[in-house]
Amino acid sequence: MDSLIGLVNRIQRACTVLGDHGGDSALPTLWEALPSVAVVGGQSSGKSSVLESIVGRDFLPRGSGIVTRRPLVLQLHKTEDGVQEHAEFLHLPRKRFTDFSKVRVEIEEETDRLTGKSKQISHVPIHLSIYSPNVVNLTLIDLPGLTKVAIEGQPESIVQEIENMIYSYIEKPNCLILAITPANQDIATSDAIKVARQVDPTGERTFGVLTKLDLMDKGTNALDVLEDRSYRLRNPWVGVVNRSQADINRNIDMLAARQRECEFFATSPDYSHLASKMGSEYLARLLSKHLESVIRAQIPGIASLITRSIDELEAEMAHLGRPVAVDVGAQLYTILELCRAFERVFKEHLDGGRPGGNRIHIVFDYQLPAALRKLPLDRHLSLQNVKRVISEADGYQPHLIAPEQGYRRLLESSVNYFKGPAQASVDAVHFILKELVRKSIGETEELRRFPTLQAEIAAASNEALERFRQDSKKTTLRMVEMESSYLTVEFFRKLPQEVEKGGNPTSQSADRYSDGHFQRIGSNVLSYIGMVSETLRNTIPKAVVHCQVRESKRTLLDHFYVQLGKKEGRQLAQLLDEDYTLTERRKLCAKRLQLYRSARNEIDAVCWSG
Ligand code: GDP
Ligand code: MG
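Calculation notes
- Residues numbered from 1 in each chain as written.
- Chains lettered and ligands numbered in written order.
- Predicted model: local features only at pLDDT ≥ 70, side-chain atom pairs only at ≥ 80, totals over all residues.
- Heavy atoms only, no water.
- UniProt positions renumbered as here; feature names shortened; annotations may be inferred.
- Helix = DSSP H or I, 4+ residues; strand = E, 2+ residues; numbered from the N terminus.
- Buried < 20%, exposed > 50% of the residue type's maximum accessible area, 1.4 Å probe, protein only.
- Contact = heavy atoms within 4.5 Å.
- Areas by Shrake-Rupley, 256 points an atom, 1.4 Å probe, with all protein chains shown as cover.
- Near = heavy atom within 4 Å.
- Polar contact = N/O pair within 3.5 Å; in protein donor to acceptor, adjacent residues only side chain to side chain.
- Nonpolar A, V, L, I, M, F, W, Y, C, P; charged D, E, K, R; others polar.
- 1 Å grid on protein atoms, 1.4 Å probe; cavity = no way out; pocket = protein on both sides within 12 Å on 5 of 7 lines; lining within 4 Å.
- Points joined across faces, edges and corners; volume = space filled by probe spheres on them.
- Core = buried A, V, L, I, M, F, W, Y, C linked by side-chain atoms within 4.5 Å.
- Expected span 1.5 Å × (residues − 1).
- Bend = angle between axes of the 7 residues up to and from the residue.
- Salt bridge = Lys/Arg side-chain N within 4 Å of Asp/Glu carboxyl O.
- Pairing = 2+ DSSP bridges.
- Right-handed = clockwise from strand over helix to strand, strands pointing away.
- pLDDT = per-residue confidence, 0-100.
- Axes fitted to C-alpha atoms, helices over the stretch in contact; angles between N-to-C directions.
- Parallel < 35°, antiparallel > 145°, perpendicular 65-115°, else oblique.
- Left-handed = near helix turned anticlockwise from the far one by under 90°.
- Phe/Tyr/Trp six-rings, centres within 6.5 Å; stacked < 30°, edge-to-face > 60°.

If you check an unreviewed UniProt entry, the protein appears there as Dynamin-related protein 1E from Arachis hypogaea. The UniProt entry for the protein carries this comment under Subunit (unreviewed entry): "Forms homodimer and may homooligomerize and heterooligomerize to form the phragmoplastin complex. Binds to PHIP1."

Here it is in structure tokens:
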């Protein structure tokens, strides 16, 4: 049994060290699942006195008003005989208190450290361990007393705040409630019982304690309550007699007080028949036994809660990613890894693992051919325009056989029309690539936590894409220009030659200037341009893919890498500037995970040792 309560004690301490007070965070909390004993009751009902007499030591602050303003988690550790009795605070590790009056002073000061002298309350507990051969292993929680009105200097809300804090402890299904009621007041108005009923209607985990039996009016007694006739609880009521204020002032020591308490019950005409089931010592044993059975019943539940929470936290940690490295080499490595991850996603978009790359071939298969078809070449090669261009090219001397100059001009001006669709293809692909970069950054899981690096990668990629676009534009335009700078002579040689048409030069000359002549020229040019169009329809995509798509797959971040190599540690750290809330969340999760892992080890150890 000692090992079980010891286990709970260790887990409770770990909870406080790691900031798990239950309730106040979105993380799973172990604190809430642990069994404990909380003391509740009205102010001056004798809570601190009961705690002290269970411990057998005089160490709690007292006074009128709200003395206890932070929860006090009091862990009693039974030691071997001969070990010096001492106390330790969790917030003062390795400092042993052997003078218990100094413990009281420290509790007061530690309370004020958090709440100020303002009489405010705080839900952050003070942890105090007492090591003594004279105690049973037990964890007790002293809470501020229930009050009806705020005193000078306190906000009105304090009444409600105290009640809420008390509820937050006793609400836990595995908290035993020590409900303290003074016997010299009307028990029907007991705040302690009222509050306990709220959270434990069946009374299974409530222990009624009647204090101040010695102060009852002469001729009255509390037998109706103690013998379960008036306020029946599942567990038996226990009556105690603590030291009066006069005893305290006279420094009556604890052991003497206990002795007197025993005598009180043994010799009382009213209570002597109940003597073996009364008093502080009996109460301590009763609690310890009950706690043991509670813990035994709770262990499997706690163990599975721990396992579940570890799984959850590990999943979240994996999602949050590793903490950012601190040394320059590791930072550079991390950045490169993140960039590679982004490049991988980007390539997948282009190569077909992810959607989006197909939009490029839509440009080539539909948009480009449609744009080529829509070119106003018919209008450009209309009879009227052909006539105009040819006569302008001829100048003062009309052409003799074929209008060589006119052909050239018509061809060149027609080919020029292809510049539009060529540029449009370059731009269309550029915007698709840009969009894919944006999407890829969003889809790179590892990058999610680094907004600065995201922005830098986006900027570097867009800059590279812009360079590719310029290069691609130059290349495609050059291809168009190449089509007009050297014509395929073959094509015209294969056309039927007009000179061979008739033997008569006069009729030839008449024919030369007829509409049919110009129409033929127009249609010759048109069919040559058709051939050029067919060629460009095939070669523009090749140029675009070569200059933009292939290049972005191979060298998108090359410039960025070069710049990265020149950066100093501070600049690298800036790139890895992760969202502050993520850093905090990771720290919190890591701490909580550490708690659960050590709790699991503790539980394993206890379970295996039987
Ligand atoms: P708390 O405010 O509930 O913690 O109450 P305390 O334990 O500080 O007790 C308030 C006052 O009642 C102190 O002066 C105690 O000495 C006195 N007191 C508590 N219990 C008893 C008791 O059983 N008998 C007598 N005579 N006085 C008691
Ligand atoms: Mg008190």
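That covers the picture; the talk isn't over yet.
Novice: Just checking my understanding: could you explain the overall build of the protein for this structure?
Specialist: Of the regular secondary structure elements, the protein holds 22 helices and 8 strands. Across the 610 residues of the protein, 48% fall into the buried class. Excluding contacts between residues fewer than 6 apart, the proportion of contacts in the protein whose partners are at least 24 apart in sequence is 80%. Of the accessible surface of the protein, which amounts to about 30,200 Å², a share of 52% is contributed by carbon and sulfur atoms.

Novice: Teacher, can you tell me more about the site of ligand 1 here?
Specialist: Near ligand 1 there are 18 residues, and of these Ser-44, Lys-47, Ser-49, Asn-242 and Gln-245 occur at the shortest range. One of the backbone nitrogen or oxygen atoms of Gly-46 is found 3.0 Å away from an oxygen atom of ligand 1. Burial of ligand 1 by the protein amounts to 90% of the accessible area it has alone, namely 580 Å². Those elements that place two or more of their residues in the shell around ligand 1 are helix H2 (47–55) and helix H7 (245–249). If you tally residues by element for the shell around ligand 1, the top one is H2, at 3 residues. Here the residues of the shell around ligand 1 are counted per class, giving 3 nonpolar, 10 polar and 5 charged.

Novice: Would you take a moment to explain the environment of Pro-144 for this structure?
Specialist: Here Pro-144 lies in the loop between strand E5 (138–142) and helix H4 (158–170). Measuring from C-alpha to C-alpha, the distance between Pro-144 and Val-40 comes to 7.9 Å, with 104 residues separating the pair along the chain.

Novice: Even after reading the chapter, I still don't get empty space enclosed by the protein, so can you show me in this structure?
Specialist: If you roll a probe as big as a water molecule over the atoms, it shows you where there is empty space left. For the structure shown, the criterion picks out 1 cavity of 30 Å³ or more. If you trace the largest cavity, you find 12 residues lining it, with Ser-49, Ser-53, Asn-242, Arg-243 and Met-254 closest to the centre. The biggest single contributor to the lining of the largest cavity is helix H8 (residues 254–267), with 4 residues. Split into classes, the residues belonging to the lining of the largest cavity amount to 3 nonpolar, 4 polar and 5 charged.

Novice: What am I meant to see in the nonpolar core here?
Specialist: Soluble globular proteins tend to pack their nonpolar side chains together in the buried interior. Judged by nonpolar contacts, the single largest core of 61 residues is most densely connected at Phe-342, Phe-418, Leu-453, Ile-457 and Phe-560. In terms of residue count, helix H19 (residues 515–555) provides more of this core than any other element does, 10 residues in total. The contacts of Phe-418, once residues within four sequence positions are left out, are Leu-372, Leu-375, Val-480, Ile-529, Val-532, Ser-533 and Leu-536. In this structure, Leu-74, Leu-140, Ile-180 and Val-209 belong to the second largest nonpolar core, which totals 51 residues.

Novice: It is not clear to me how H19 should be interpreted in this structure. Could you clarify?
Specialist: In an α-helix, one full turn covers 3.6 residues, which means residues spaced three or four apart are oriented alike. Relative to the 60 Å expected for 41 residues at 1.5 Å per residue, H19 spans 56 Å between its end C-alpha atoms, a close match to the ideal helical length. Of all the bends in H19, the largest measures some 40° and sits at Val-545.

Novice: When you look at the side chain of Glu-85 in this model, what are you seeing that I'm missing?
Specialist: Counting through the fold element by element, Glu-85 comes out in the loop between strand E2 (72–78) and strand E3 (86–89). Exposure remark for Glu-85: the relative accessible area of 14% places this residue in the buried category. Separated by 2.8 Å, the side chains of Glu-85 and Ser-132 make a polar contact. When sequence neighbours within four positions are dropped, the list of residues in contact with Glu-85 reads Arg-57, Phe-97, Thr-98, Phe-100, Tyr-131, Ser-132 and Asn-134.

Novice: What should I look at first to understand the pattern of salt bridges in this one?
Specialist: Two side chains that carry opposite charge are able to pair once their charged atoms sit near each other. Here the structure, examined in full by the defined rule, presents 31 salt bridges. In this structure, Asp-224 and Arg-229 form a salt bridge, with 3.2 Å as the shortest nitrogen-oxygen distance. Its relative accessible area of 45% is what places Asp-224 among the partly exposed residues.

Novice: I keep staring at the pairing of strand E6 (residues 175–182) and nothing clicks. Help me out?
Specialist: Side-chain direction in a regular strand flips from residue to residue, so the side chains alternate between the two faces of the sheet. Counting buried residues in E6 gives 8 out of 8 residues, a clear majority hidden from the surface. Judged from the 6 bridges that link them, strand E1 (residues 36–41) and E6 form a sheet pairing that is parallel. Paired with Val-40 across the strands is Ala-179, a residue of E6. In the sheet, E6 pairs with strand E7 (residues 206–211) via 6 bridges, with the strands oriented parallel. Residue pairing for E7: Leu-178 is matched across the bridge by Phe-207. Taken together, E6, helix H5 (residues 191–199) and E7 constitute a β-α-β crossover, and its handedness is right-handed.

Novice: Honestly, the confidence of the model for the protein in this entry has me stumped. Any pointers?
Specialist: Interpretation of this model should avoid reading the predicted coordinates in detail wherever pLDDT is low. A residue-level look at the protein finds 90% of positions with pLDDT of 70 or above and a mean pLDDT of 86. Helix H18 (residues 505–512) is the least confidently modelled element of the protein, averaging 49 in pLDDT, while helix H15 (residues 419–443) averages 96, the highest of any element. Confidence drops under a pLDDT of 50 for residues 499–506, and excluding neighbours within four residues, the segment shows 4 contacts in the predicted structure.

Novice: Looking at this model, I keep getting lost on the pairing of E7. Mind explaining?
Specialist: The element E7 is largely enclosed, with a buried count of 6 among its 6 residues. Taken together, the 2 bridges between E7 and strand E8 (residues 238–239) define a ladder with parallel strand orientation. By the bridge assignment for E8, Leu-210 is matched with Gly-239.

Novice: Looking at this model, I keep getting lost on the packing of helix H11 (residues 358–373) against H15. Mind explaining?
Specialist: Angle between the axes and distance between the axes are the two parameters that describe a pair of packed helices. It is at 10 Å that the axes of H11 and H15 come closest, and there the two elements cross at 160°. Put simply, H11 runs roughly antiparallel to H15. Where H11 crosses over H15, the two elements pack in a sense that is right-handed. Between H11 and H15, the residues in contact are Arg-359, Ile-360, Val-363, Phe-364, Gln-367, Leu-368, Ala-371 and Leu-372 and Pro-421, Ser-425, Ala-428, Val-429, Ile-432, Leu-433 and Glu-435, respectively. Looking at the contact of H11 with H15 residue by residue, the classes come out as 11 nonpolar, 2 polar and 2 charged.

Novice: When you look at the packing of aromatic side chains in this model, what are you seeing that I'm missing?
Specialist: The relative placement of two aromatic rings is captured by the distance of their centres and the angle of their planes. Per the counting criterion, the structure on display carries 10 aromatic pairs. When the centroid spacing of 6.2 Å and the interplanar angle of 25° are considered together, the rings of Phe-342 and Phe-346 count as stacked. Placement of the pair is Phe-342 and Phe-346 together in helix H10 (residues 328–351), with a separation of 4 residues, close to one helical turn. Exposure class is identical for Phe-342 and Phe-346. Each is buried.

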